[in-house]
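# Structural description and commentary
So the chains spell out like this:
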Amino acid sequence: QVQVVESGGGLVQAGGSLRLSCAAYGRSFSTYAMGWFRQAPGKEREFVAAMSRSGGRSGGSTIYADSVKGRFTFSADNAKNTVYLQMNSLKPEDTAVYYCAASPTYGPTLTLANYPDWGPGTQVTVSS
């Protein structure tokens, strides 16, 4: 299928910004819908954002969880076979391990079961 690897996590103060990257290997990410999920200690993995199979090209679309809408932005760089999650106005409740995932669906999907390929995750910690 495809291998994806996240990077860019770290420690940031509340109100700060951080950009996560997700590089795809093997096959082009443009043949997959892409998604970002996160999981905090003691909680289930939750949807953050998703992008259609077009990888941000004309005709593509993105969706966001209500908790991050207006603060996070999902984008793609086709030449680098990489997608990004720009996180602004970070809050302590954003603290979690963030995962990148690939789906064979055409449109963006927030359904966990639609993602067979996952990265190892990257830790994001937001201090008060």
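Reading guide: rules and limits
- Residues numbered from 1 in each chain as written.
- Predicted model: local features only at pLDDT ≥ 70, side-chain atom pairs only at ≥ 80, totals over all residues.
- Heavy atoms only, no water.
- Core = buried A, V, L, I, M, F, W, Y, C linked by side-chain atoms within 4.5 Å.
- Buried < 20%, exposed > 50% of the residue type's maximum accessible area, 1.4 Å probe, protein only.
- Helix = DSSP H or I, 4+ residues; strand = E, 2+ residues; numbered from the N terminus.
- Contact = heavy atoms within 4.5 Å.
- Disulfide = S-S within 2.5 Å.
- Phe/Tyr/Trp six-rings, centres within 6.5 Å; stacked < 30°, edge-to-face > 60°.
- Lys NZ or Arg CZ within 6 Å of the ring centre and 35° of its normal.
- Pairing = 2+ DSSP bridges.
- Axes fitted to C-alpha atoms, helices over the stretch in contact; angles between N-to-C directions.

Next up on the list: the nonpolar core. Counting residues in each nonpolar core, the largest one holds 35 residues, and the members touching the most others are M34, W36, L85, M87 and Y98. Counting residues per element, the ones that place at least two in this core are β3 (18-25), β4 (33-39), β5 (46-51), β7 (72-77), β8 (82-87), β9 (96-103) and β11 (122-127). Residues in contact with M87, not counting those within four places in the same chain, are G16, S17, L18, L20, R71, F72, Y98 and V124.

Defined simply, a disulfide is a covalent bond joining two cysteines at their sulfur atoms. One pass over the full model with this rule turns up one disulfide. A sulfur-sulfur distance of 2.0 Å marks the disulfide that ties C22 to C100. Since a negative S-S torsion denotes a left-handed disulfide, the C22-C100 link at about -80° is left-handed. Of this pair, C22 sits in strand β3 while C100 sits in strand β9, placing them 78 residues apart in sequence. Judged by relative accessible area, which is 1%, C22 ranks as buried.

Okay, the environment of A24 next. By secondary structure assignment, the location of A24 is in strand β3. Put simply, A24 and S61 are 37 residues apart on the chain and 19 Å apart in space, counted from C-alpha to C-alpha. The contacts of A24, once residues within four sequence positions are left out, are V2, Q3, V4, F29 and N81.

Using the criterion set out here, one finds six aromatic pairs in the structure. On the numbers, 5.1 Å between centres and 75° between planes, the contact of F37 with Y115 is edge-to-face. Of this pair, F37 sits in strand β4 while Y115 sits in the loop between β9 and β10 (117-118), and the two are 78 residues apart along the sequence. Just as F37 is buried, Y115 falls in that class too. Cluster of aromatic residues (ring-pair linked, three or more members): F37, F47, Y99, Y115 and W118. Directly above the aromatic system of Y99 lies the positively charged group of R45, at a separation of 3.7 Å from the ring centroid.

Only one face of β11 is buried, namely the one carrying T122, V124 and V126, since none of Q123, T125 and S127 on the opposite face is buried. Relative to β11, strand β2 (residues 10-13) runs parallel, the two sharing four bridges. What sits directly across from V12, in β11, is V126. Pairing geometry for β9 and β11, over three bridges, is antiparallel. From the neighbouring strand, Y98 faces β11, where its bridge partner is T122.

Time to look at the pairing of β3. Where burial is concerned, most of β3 is hidden: six out of the eight residues are buried. Pairing of β3 with β8, which is carried by six bridges, proceeds in the antiparallel orientation. Residue pairing across strands places L18 opposite M87, the latter belonging to β8.

With that settled, the discussion passes to the sheet that holds β7. In space, the four strands of this open sheet follow the order β1-β3-β8-β7, with antiparallel pairing throughout. Edge strands, defined here as strands with exactly one partner in the open sheet, are β1 (3-7) and β7. Averaged over all pairs of adjacent strands, the angle between strand axes in this sheet comes to 20°, irrespective of strand direction. Both β1 and β3 contribute to a ladder of five bridges, which runs antiparallel. What sits directly across from V5, in β3, is A23.

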